[in-house]
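# Close look at the chain arrangement
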Amino acid sequence: MIYARVAGTGSFLPGKPITNDDLVARGIETSDEWIAERTGIRMRHLAEPDVTASQLAYEASVRAIEAAGCQPSDIDLIIVATSTPDYIFPSTAALLQARLGITNGGAVFDLQAVCTGFAYALATAEKFIRSGSNKRALVVGAEVFSRILDWNDRGTCVLFGDGAGAVVLEASARPGILATALHADGSHSPILSVPGQINRGVVIGDPFLRMDGQAVFKFAVKVLGEVAREVVEQAGLTMGDVDWLIPHQANMRILQATGKRLGVPMEKVIATVAQHGNTSAASIPLALDLAVRDGRVQRGQKLLLEGVGGGFTWGAVLLEF
Ligand code: UT7
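The structure displayed is predicted, hence computed values, not measured ones.

## Focus: the site of the ligand
Near the ligand, the surroundings consist of 20 residues, among which Thr30, Arg38, Arg154, Gln214 and Asn251 are the closest. One of the backbone nitrogen or oxygen atoms of Arg154 is found 2.9 Å away from a nitrogen atom of the ligand. Burial of the ligand by the protein chains amounts to 71% of its free accessible area of 950 Å². Contributions of two or more residues to the shell around the ligand are made by α2 (32–39), α6 (154–157) and α7 (213–234). The class makeup of the residues in the shell around the ligand is nine nonpolar, eight polar and three charged.

## Observations concerning the environment of Phe128
Secondary-structure assignment places Phe128 in helix α5 (residues 117–130). Sequence-wise, Phe128 and Pro90 are 38 residues apart; in three dimensions their C-alpha atoms are separated by 22 Å. Phe128 has contacts with Leu77, Phe109, Ser133 and Asn134, leaving out every residue within four places of it along the chain.

## Quick word on α2
Burial in α2 covers these residues: Ile35, Ala36 and Thr39. Considered in projection along α2, the buried side chains sweep an arc of 100° and stay on one side of the axis. Facing away from the buried side of α2, by more than 90 degrees, are the exposed residues Glu33 and Glu37. Buried residues along α2 sit in contact with α1 (20–25), β3 (43–44), α8 (252–262) and α9 (273–276). With its phi angle positive at about 80°, Gly40 sits one or two positions after the end of α2.

## Looking at the nonpolar core
Counting residues in hydrophobic clusters, the biggest one holds 46 residues, and the most contacted among them are Val158, Val231, Met239, Leu304, Val308, Phe312 and Leu318. Of all elements in the fold, only β8 (177–184), α7, α8, β14 (302–309) and β15 (313–320) reach the threshold of two or more residues within this core. Counting residues per element, this core draws most heavily on α7, at 10 residues. Of all hydrophobic cores here, the second largest spans 32 residues; its members include Ala125, Ile129, Val139 and Ile270.

## Focus: the packing of helix α3 (residues 53–68) against helix α4 (residues 92–99)
The geometry of α3 relative to α4 is characterised by a closest axis approach of 9 Å and an angle of 50° between their N-to-C directions. Comparing the axis directions of α3 and α4 gives the class oblique. In this structure, α3 crosses over α4, and the sense of that crossing is right-handed. Mapping the contact onto sequence places Ala53, Ser54, Gln55, Ala57, Tyr58 and Ser61 in α3 and Thr92, Leu95, Leu96 and Arg99 in α4. Residues belonging to the contact of α3 with α4 are distributed by class as follows: five nonpolar, four polar and one charged.

## Observations concerning a nonpolar patch on the surface
On the surface, a nonpolar cluster with roughly 510 Å² of combined accessible area is contributed by Ile88, Phe89, Ile198 and Val203. Along the chain, Ile198 turns up in strand β10 (residues 196–199). Looking at Ile198, the relative accessible area reads 59%, which means it is exposed.

## Digging into the environment of Leu178
Mapping Leu178 onto the fold places it in strand β8. When near neighbours in sequence (up to four residues on either side) are disregarded, Leu178 contacts Ala235, Leu237, Lys302, Leu318, Leu319 and Glu320.

## As for the pattern of salt bridges
Under the criterion given, the structure shown has 13 salt bridges. Among the salt bridges present, the one from Asp150 reaches Arg210, with a minimum N-O distance of 3.1 Å. Separated by 60 residues along the polypeptide, Asp150 in the loop between β6 (136–144) and α6 and Arg210 in strand β12 (residues 210–211) bring together distant segments of the chain. Asp150 sits in the buried class, given a relative accessible area of 13%. Through salt bridges with shared partners, one network takes in Asp150, Asp153, Asp206 and Arg210.

Procedures and definitions
Per-chain numbering applies: the sequence of each chain, read as written, is numbered from 1 onward. Residues qualify for local features only when their pLDDT is at least 70, as the model is predicted, and side-chain atom pairs are given and counted only at 80 or more; totals for whole chains, interfaces and linings, by contrast, use all residues. Side-chain calculation: all heavy atoms of the structure are included, whereas hydrogens and water are not. Here a residue is considered near a molecule or strand provided that any single heavy atom belonging to it is located within 4 Å of it. Counted as a polar contact is a pair of N or O atoms within 3.5 Å, where, for protein atoms, one must be capable of donating a hydrogen and the other of accepting one, and residues adjacent in sequence contribute only when both atoms are in side chains. Working definition of accessibility: Shrake-Rupley area with a 1.4 Å probe, residue cover restricted to the visible protein chains. Note on conventions: DSSP H or I runs of at least 4 residues are helices, E runs of at least 2 residues are strands, and numbering of each starts at the N terminus. Residues were grouped as follows: Ala, Val, Leu, Ile, Met, Phe, Trp, Tyr, Cys and Pro as nonpolar; Asp, Glu, Lys and Arg as charged; and all remaining residues, including Gly, as polar. When checking whether two residues touch, look at their non-hydrogen atoms; a contact exists if any pair is within 4.5 Å. Three labels apply to residues, based on accessible area from a 1.4 Å probe with only protein chains included: buried if under 20% of the type maximum, exposed if over 50%, partly exposed otherwise in between. Read the arc as the range of directions from the helix axis to the C-beta atoms. By nonpolar core is meant a set of buried Ala, Val, Leu, Ile, Met, Phe, Trp, Tyr and Cys residues that side-chain atoms within 4.5 Å join together. For helices, the fitted axis covers only the stretch in contact; all axes are lines through C-alpha atoms, and the angles between them, taken along N-to-C directions, range from 0 to 180 degrees. Put simply, angles under 35 degrees are roughly parallel, angles over 145 are roughly antiparallel, angles from 65 to 115 are roughly perpendicular, and the rest are oblique. By the definition used in this description, the sense in which the near helix is turned from the far one sets the handedness, with an anticlockwise turn below a right angle giving left-handed and a clockwise turn giving right-handed. Like-charged residues within 9 Å of one another, or nonpolar side chains (Val, Leu, Ile, Met, Phe, Trp, Tyr) within 5 Å, are grouped into patches, provided each residue has over 30% relative accessible area and no salt bridge. Think of a salt bridge as a Lys or Arg side-chain nitrogen and an Asp or Glu carboxyl oxygen that are within 4 Å of each other.

Honestly, it's all geometry; don't read function into it.
Given below as structure tokens:
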């Protein structure tokens, strides 16, 4: 039996943290009190204008490869989950591969499932590894969401940040990913979208993130509860067997409501949203890496990673670390 096992994790946040008070100082009509109370966010990191998703992905990947004790040349598959790629093409994954100095390597591609992107990418890489076609995958979530924020819309611009997280997933006789579940319902796309495009050199439509916050909130709590139960049942376990719940870091209130719905106490929920805001596809691997490096997550523990985002998409990965 071939399992896909996380061999190492890494993450990267660009520049200095920008606090809620820093946003007020920049002229946004908000307050630390409002943001902290409604979302739990205290700060976020924003990339300089010339810093791209592939650069953030590179920094996180170098750390993950080092933690895995392998070399870039050992990587035979790269999947980058992002909604804010460097270019229309080539893919961010191809640019990352070049930055890592890998030539004549295996498949590279971007995966677009917005905030569920990392769960989708991890589940996809697992299929490649379990089939025997690939031995070592680099799975990355990397975003520069600051590029698609309308800084005149206080209802959204205070929520998001930039960053990247990565894992090396390798073939192993030991478990490994135990269960995965991916879902989508495109009929909900209007409640969270960037409804624009580039057409003949001109932006058509709206190039900024638009969101119906309350509709997203309700949908997120419902599906995060459902999909967590789904993977736990698939693996023949109970929620009590899960050592750490690592949800997409969108909002502290969503994390709390999800934990409550699942009967998982907050002491077993990794919450890093206060430190980096919502970094979309980067948020799950960022939270995972921060918890690995501060010693909370230990080898042999069972981790439930789950996300929800634009599309709408949602999904979960249950793994033994
Ligand atoms: O990856 C998934 C991403 N999306 C999410 O996680 C979003 C989920 N939704 C939420 O987290 C919440 O809906 C928000 C935090 C976005 C908003 O909280 P809310 O309790 O749903 O607030 P609201 O949109 O109903 O707005 C309440 C008030 C409004 O003022 P009035 O009309 O009551 O006078 C807003 O204008 O808060 C006002 N407001 C703000 N005030 C200060 C909206 N944004 C801000 C702000 N600072 N940044």
